[in-house]
Amino acid sequence: MGVQKNTYLPLTKSQSALWAGQRLHPDVPLHNVVYTFAINGPIDKIIFEKSFQKVIDSTDALRTVFSEEQGIPSQHLVDTIDFSLEFIDFTHNSKDEELKDWLHERTLLLINISKQVFDIVLLKTAPNTYVWFLKLHHLVTDAISNVILYNRMNSFYQNEISGTFSIPGNFPSFQDYIQLEQSQKSEEKDIIQQNYWKEKTNNILEKPKLYGEALNNTTAAIRTTLNLGVKRSQQLREIAKRNEFKGWTEDLTLFNIFLTLYFTYIYRVSGQKTLAVGAPAHNRPSRVFQKTVGLFIEVLPLVIEIDEEDTFISLFNRVKIETNTYLRNSGPGSSTTQSNSSFNTILNYIHAEFPDFNEFPTHTAWLHSDHMDSNHDLRTHVYDMNKSGEFKIAFDTNSHTFSQTLAEEMPVHFQNLLDAFLQNYEQPIQKPSLISNTLPAEKQQGTKKTVPSFQSVLKGFHDCKDRKPNSVALHYGNELLTYNLLNKKSNQLAHYLKAKGINENSKVTLHFYRSSDYIVSVLAVLKTGAAFVPIASDQPAERIKYVISNSGSVLLLSQKDLISKVNLPDIGVLDIQKEKSVIEEQPTIDLGIQQQPDSLAYILYTSGSTGKPKGVRISHKSLSNYIFWAKEYYGTNEKSIFPLFTSIGFDLTITTTLLPLISGGRMNIYRETTNGPDVSLLQVIDDNMVNCIKLTPSHLTLFKGKNLKTSYIRTIIVGGEELKVNLSKTVKEAFSSGLRIFNEYGPTEATVGCIVTEYNEAIHIKSTVPIGLPIKNMSAYILDDYNNKVPKGVIGELYLSGIGLSDGYINDPKLTKEKFIENSFADDIRLYRTGDLARINKAGDFEYIGRKDEQVKLRGHRIELAEIENNLTEYPDIENCAVVLIDSNKTVPENEIVNCTKCGLPSNYPKADFDENGVCHLCTAFETYKEKAERYFKNDEQLVALLSSKRNQNASYDCISLLSGGKDSTYVLARLVNMGLKVLAFTMDNGYISEQAKGNVDRIVKKLGVDHVYGKTPHMNEIFVDSLKQHHNVCNGCFKTIYTLSTKIALEKKIPFIVTGLSRGQFFETRLTEELFWDDDLDTTKIDDTILEARKLYHKESDAVKRLLDVSIFEDESVFEKVEFVDFYRFSDVSLEEMLVYLKDKADWRRPTDTGRSTNCLINQVGIYVHKKDMGYSNYSFPYSWDVRLGHKTRDESLEEINEVIDEKEVLRIMDEIGYTPLHPEWDSNSKLVAYFAGNKDIAINDIQNFLAKKIPSYMIPSVFKHVDEIPLTKNGKVDKKGLKAISSAQLAMSTSYTAPRNEIEGLVEKIWAEVLKLNKIGVHDDFISLGGHSLAAIRVTARINEEIEYSFPLNKIFEMPTIAKYSNYIEKTLTSLLEK
Amino acid sequence: MKKKILNYIKANLATESIDELDIYENLLESGLVDSIGMIQLVLFIETEAQIKVAPEEMIINNFMTVDHILKFIASKQNSEEKQV
């Protein structure tokens, strides 16, 4: 070794990383390494200077300077550095502050590394007290080097002082290390290591967002130091000695413990589970370099996957192993740009101690330069430099991620985890609280919490009435009601209700269209002291009954056209219109009943996860708290006009129902449209007669394309869903200035709204508008899974408390107990668990993150759908979006599948529905037309008669018998021969007939003495592949080939009939449908005609057969008359047992043993395998269920055949042979993320994917992106996620946008298509055939449409107009022209 | 093997230069070898003894003294032979 002094050397890997950081931020002291050594003893400054000169001379790192040429940095040694010590006398400065300031300022001073890499000052602070200020550039040093340097200086100084003669030793040079690293670059070991780090960090895309914040390129940083104290430090050391923790060295063990705590901390404050932490490896490869000063360390990542169930010890055990792997792969030059960018946090366990200087008591301090690498959020250093026995932890926090307050608080968060570890390391890492649970609640809207003085809503209304009796309160169509009149009318109704026995304890259900009657009823019920239970007009009778009985309502108040739909024998029903004259005779004065704060005001039903709606009880004090707060906050007054246009059963509507009436304002009522979607909002906008509006964000999207510049709306209150910034911005811009948009958050359980903010385009620049701060008398908390409060920024579940809280669900104490919990820290005792995830942002506002149950799991990853949506809406051309996880029903675990107790149909058959006896819907329906179906079947004589009917045509055969070699077709052939018919046997050789089956065929035809031909095509494999893709089986393709080829032979040989061996079950799979038997006077010839029509269509369907075989014979429709198909089993009914006896006797049929199944065809199992994989059930399930239903097979026989074992290896071999690639490879679960988006239709999906790839990890990127005209909404104006989840994969694969039905006819056609095609939602532009529609489905769809419309549309029209839009248009035109006639 | 390991430790790993090292000397407790040194020792043994040391096996019980190391190597070689 030994390097020429003037040689320019490149930078090492570690140096390059530092250099790159500094280049980006040239003006900030990123890499100043600064120590102060406070020495309690006299220092001779001359000797000090001389000694340090010796240090310089003996330490090449200190004589290294850096330069850059054409962007390439290099380093070289200078021969000598003339050092003169800077000495400052601080003894006259009495204040510590001044010294501190000086040190701080000097620490920040940049080092000019082209001249000198260090800065040394000796300060005299008192007589016999000195501070040695040592500043080095990180490029030439690391923690161990600092100690080496210090010790070297110490020993030189001591030698000089004591006069011991010393020459600077010949220490190994850092330059040698640089060369070593260079020379190892291409060594095998090095390459293996680099590959290791590459692989390790390949998939780490997302860095944890500490306290929800992401980096923004700032270098500013704050250091906060935590002193663990003697006790904790001792405990840690003691634990490190225990066998379950003990590693190779105590330091390594302690490092592992701190790392475990660090991973835990990062997980807890970010929620992220895949975590990489950078840690410096000291990297001194051999003893040679143990005494060398230089930058040896390399920061390399340790990667851990946190398990939710982890305890400290279970995590520690994985960390220990990870550290071992980390150590064995670290080595000079291991780090790469990729490995460096895999982490944003660092844990630095510093094993460095500074002894006393010249044996004077010395205190070492490590100073921070207020800046650090902008790629790091947090750098944490654990050290005990003064050998005090107390660990210190320095947290360097990025000033963007950590506010000053948070930087000061975060050490406590870490220490809380550490204390929990010390107390019990077997506890879950999620359990300990990061912050004290006794901290006060977050601040509220306004300054102070106001003590509530109760005032009822009615009092508010009466005040307005008294003030301005003649101003208009309601405007409904042509009707105008003044406050006075409204009050009188409601008083009259109240008197009437009271007479009917309604009192303070009653509940009255209100089932109304939006109308003035509804508002009068609400006021009247309240005036009697009772509670109202609103139910919207569109609710089904069952639900109304449920609500009435569940709420304990004694009376249903309604309107006549609504009441007629509900049959309610057990309750008083009052038709307010019918009783009009009686009501109008009632007194108009007030009942004078006072509403009590704790008595019920209303019960609102919201959908429950169990499927039954749950009734939320809201008291008068809750209602008043909200309404009067809203009046004040939104500033509503007698000029305010609200449209009542949202569902009365929706909690959001409470605002519109009552706020204008206590403000002296006006309500414009828009009655709902009864048919099709409710378009009242559009009417509201067009009318332009309101200035305040309350709606959902999804409603806001309907403002698109409307002229809003002239709108009078100035106040928009949004609730019910999260509000996107994009949307708010667009809306705000669309209106003329002065519009205010308020984002109101609140579950029904906390009375309409309890957290609110006003949208502010200057502040709200993230994707979602925060929900803001709690309203008065309400508090909000964010808690983790262990009900601990979480620190600001951290995501947790939102809990609410305060006056607005419901006292629970009516008649559901269990659910009430689950959702309303007691706690020790809230101001009120009860907390409501919202199920919403939220965090508090830096500004102190609550941010809604998403539904807790919207966290989905995909391939082991926990995914927040809202997070994907938020990122997606940031894409410029996307206006709105919704992401769902489609869990296809194929994933029903095998052991959860049940079979129909009658026919064996599996429960995962699409839309299968079982009754309480486990009988399927097909069996149940069949009972209703079983008798009629019987009429379709005939007997042997009729068969013989039919097949002999065309004998005079001079053909040598009566019929072709399709012989597969299986039992059914063999039986057919044998019977036909036995009947004395002249038969030509036809066997399709598809290339996969088993040898034994072929033997059967050959032997049988010989034994029966019939002529026999084989059909063949070179395209068979292609047909199989096409069939597997289109129908998930091989049989469809094979059958069509058989029909095509046999028809051709029949035509050539003038054979009039082809006899199939289809089982009766297969008739229902391929020919017959329920609808064919609907006719009361069933005519089987009509059925035959329909089947024939379907057969014609069948040959027109585009598939591989049509493409590859000669199908010209079907162009002339006469072929269908010349060659007729006859199903043998339509005429003959035989049990399996009978059949087998007959076969053995007459045909010498033997069950093939070389297919491994009861089939004779080797490829058959490929079809079954693919069908099961793609659809979840066997393609035989359906036809066999029919065989059972028709008595052709028993349920057990059927299930036994269906459950036969499949030889997977053979299946995969055949798939490969025919060239079929499975749709769903083994590794792919059937679940996938699907993103629906509205906006520019022509966005390249690729662009969206690339856009998302930069923001979220790959497993969160949806696999399907589907454009929709509009995101579909539920009745309440929320995104219809359930509907979106129900869109099938075939529909998703279509290039057409999803458009929901737009009118009644389209709605009807969609309903029918969906029933027949077994889909849940169909876009009006989706193609019938692509949806899986075939000729049989065409029969069913057409029959159903004809039934509904009472008209006879021909079968083929559906293929001519294969979309709902086109077909509906055709229906409409047909009907119109009929009317005109 | 014994000699090779002892020499390797003396020449490359020991934090201070030493003359004598016997196979019963605790490598770790005395601070003779640090954790990076232990990893280098693992790598050295892997090459010399043609075995693979899994991260889970890098524990004190296998590496406390040269004697432990030799026993560990023997057991590894045994089990690997059995697997072949």
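These remarks concern the structure in this document. (Residues numbered from 1 in each chain as written. Chains lettered and ligands numbered in written order. Predicted model: local features only at pLDDT ≥ 70, side-chain atom pairs only at ≥ 80, totals over all residues.)

## Re the interface of chain B and chain A
A common way to state how big an interface is: give the accessible area lost once the parts meet. Between chain B and chain A, the residue contacts involve 16 residues of the former and 13 residues of the latter. Taken together, the elements giving at least two residues each to the side of chain B that touches chain A come down to α1 (2-13) and α2 (35-49) of chain B. Per-element accounting of the side of chain B that touches chain A gives the leading share, six residues, to α2(B). Considering only residue class, the side of chain B that touches chain A consists of eleven nonpolar, three polar and two charged. (Contact = placed C-beta atoms within 7 Å. Helix = DSSP H or I, 4+ residues; strand = E, 2+ residues; numbered from the N terminus. Nonpolar A, V, L, I, M, F, W, Y, C, P; charged D, E, K, R; others polar.)

## Describing the sheet that holds strand β26 (residues 740-745) of chain A
All names here are of chain A. The strand order across the open sheet built from five strands is β24-β25-β26-β27-β28, with neighbouring strands paired in mixed fashion. Since the sheet does not close on itself, it has two edges, and those belong to β24 (692-695) and β28 (773-774), each with one partner. The pairing of strand β27 (residues 755-758) with β28 spans two bridges and is antiparallel. Of the residues in β28, the one forming a bridge with V756 is L773. (Pairing = 2+ DSSP bridges.)

## Considering the nonpolar core
All names here are of chain A. Formed by 246 residues in total, the largest nonpolar core has its most connected members in F258, F263, V277 and L800. It is helix α8 (residues 250-270) that contributes the most residues to this core, 13 residues altogether. There are two domains that each give this core at least three residues, and those are domain 1 (13-179) and domain 2 (187-351 + 389-423). Among all residues touching F258, those that are not within four sequence positions of it are L347, Y349 and V382. (Core = buried A, V, L, I, M, F, W, Y, C linked by C-beta atoms within 7 Å. Buried ≥ 20, exposed ≤ 12 C-beta atoms within 10 Å, placed from the backbone. Domains from an automatic or database assignment.)

## A few points about the sheet that holds strand β14 (residues 472-476) of chain A
Residues and elements named next belong to chain A. The strand order across the open sheet formed by four strands is β15-β14-β23-β22, and the pairing between neighbours is mixed. At either margin of the open sheet sits one strand with a lone partner, and together these are β15 (479-482) and β22 (641-644). Between one strand axis and the next, the sheet turns through 20° on average, direction left out of account. As paired elements, β14 and β15 share four bridges and run antiparallel to each other. By the bridge assignment for β15, H475 is matched with L480. (Axes fitted to C-alpha atoms, helices over the stretch in contact; angles between N-to-C directions.)

## Focus on the packing of helix α32 (residues 1084-1100) of chain A against helix α45 (residues 1335-1349) of chain A
For any two helices packed against each other, the geometry comes down to the angle between their axes and how far apart the axes lie. All names here are of chain A. Close contact between α32 and α45 brings their axes to 9 Å; oriented N to C, the two are set at 135°. What the angle tells us is that α32 and α45 run oblique. Considering how the two elements wind past one another, α32 and α45 form a crossing that is right-handed. Residue-level inspection shows T1090, A1094, L1097 and Y1098 of α32 in contact with α45, the latter providing S1335, L1336, A1338 and I1339. Across the contact of α32 with α45, the residue classes break down as six nonpolar, two polar and no charged. (Parallel < 35°, antiparallel > 145°, perpendicular 65-115°, else oblique. Left-handed = near helix turned anticlockwise from the far one by under 90°.)

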